[in-house]
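# A structural walkthrough
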Amino acid sequence: MDNARVKVTIRCRICGEKFVLRGRRDNDRIETGFKQCLCDNIDQFEIEEQNW
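What comes next is a walk through the structure. (Residues numbered from 1 in each chain as written. Predicted model: local features only at pLDDT ≥ 70, side-chain atom pairs only at ≥ 80, totals over all residues. Heavy atoms only, no water.)

### Brief notes about the packing of aromatic side chains
- Under the definition given, this model contains two aromatic pairs.
- Ring geometry for F34 against F45: centres 5.2 Å apart, planes inclined by 85 degrees, an arrangement best described as edge-to-face. Highlighted residues: F34 in the loop between β3 (29–31) and β4 (45–51) and F45 in strand β4, separated in sequence by eleven residues.
- F34 gets classed as partly exposed once you look at its relative accessible area, which sits at 24%.
- Within the aromatic cluster, the residues linked to one another by ring pairs are F19, F34 and F45. (Phe/Tyr/Trp six-rings, centres within 6.5 Å; stacked < 30°, edge-to-face > 60°. Helix = DSSP H or I, 4+ residues; strand = E, 2+ residues; numbered from the N terminus. Buried < 20%, exposed > 50% of the residue type's maximum accessible area, 1.4 Å probe, protein only.)

Shown next, in the form of structure tokens:
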């Protein structure tokens, strides 16, 4: 089921901000276009995936 659409919840481990995005699964990666949190964090996130 490559390129399946998924719903992704991203929570910043630094400030606690939560983002809910749509993305596409590409093998073992999920591509959402998300780059960084509002607090300039770029790599400390909790990522939870949910299939639609």
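Back to the text.
### Quick notes on the side chain of T9
- By the secondary structure assignment, T9 is in strand β1 (residues 5–12).
- Once residues within four sequence positions are removed from consideration, T9 is found in contact with K18, F19, V20, E46, I47, E48 and Q50. (Contact = heavy atoms within 4.5 Å.)

### Quick word on the side chain of N41
- Within the secondary structure layout, N41 lies in the loop between β3 and β4.
- For N41, a relative accessible area of 4% translates into the label buried.
- Within polar-contact distance, the side chain of N41 engages the backbone oxygen of Q44 at 2.8 Å.
- If sequence neighbours within four positions are ignored, N41 has contacts with C12, R13, I14 and Q36. (Polar contact = N/O pair within 3.5 Å; in protein donor to acceptor, adjacent residues only side chain to side chain.)

### As for the nonpolar core
- The biggest cluster of nonpolar side chains holds seven residues, and these are V6, V8, I10, C12, F19, C37 and F45.
- Per-element tally for this core: the top contributor is β1, with four residues.
- Not counting the four nearest positions on each side in its chain, I10 is found in contact with E17, K18, F19, L21, T32, F34, F45, E46 and I47. (Core = buried A, V, L, I, M, F, W, Y, C linked by side-chain atoms within 4.5 Å.)

### Some thoughts on the layout of surface pockets
- The space that makes up the largest pocket amounts to roughly 260 Å³.
- Residue lining of the largest pocket: V8, I10, R29, I30, E31, T32, G33, F34, K35, I42, F45 and I47, and that is the complete set.
- For the lining of the largest pocket, the elements supplying multiple residues, two or more each, are β1, β3 and β4.
- Among the elements that make up the lining of the largest pocket, the one with the highest residue count is β3 (three residues).
- Counted by class, the lining of the largest pocket contains seven nonpolar, two polar and three charged residues. (1 Å grid on protein atoms, 1.4 Å probe; cavity = no way out; pocket = protein on both sides within 12 Å on 5 of 7 lines; lining within 4 Å. Points joined across faces, edges and corners; volume = space filled by probe spheres on them. Nonpolar A, V, L, I, M, F, W, Y, C, P; charged D, E, K, R; others polar.)

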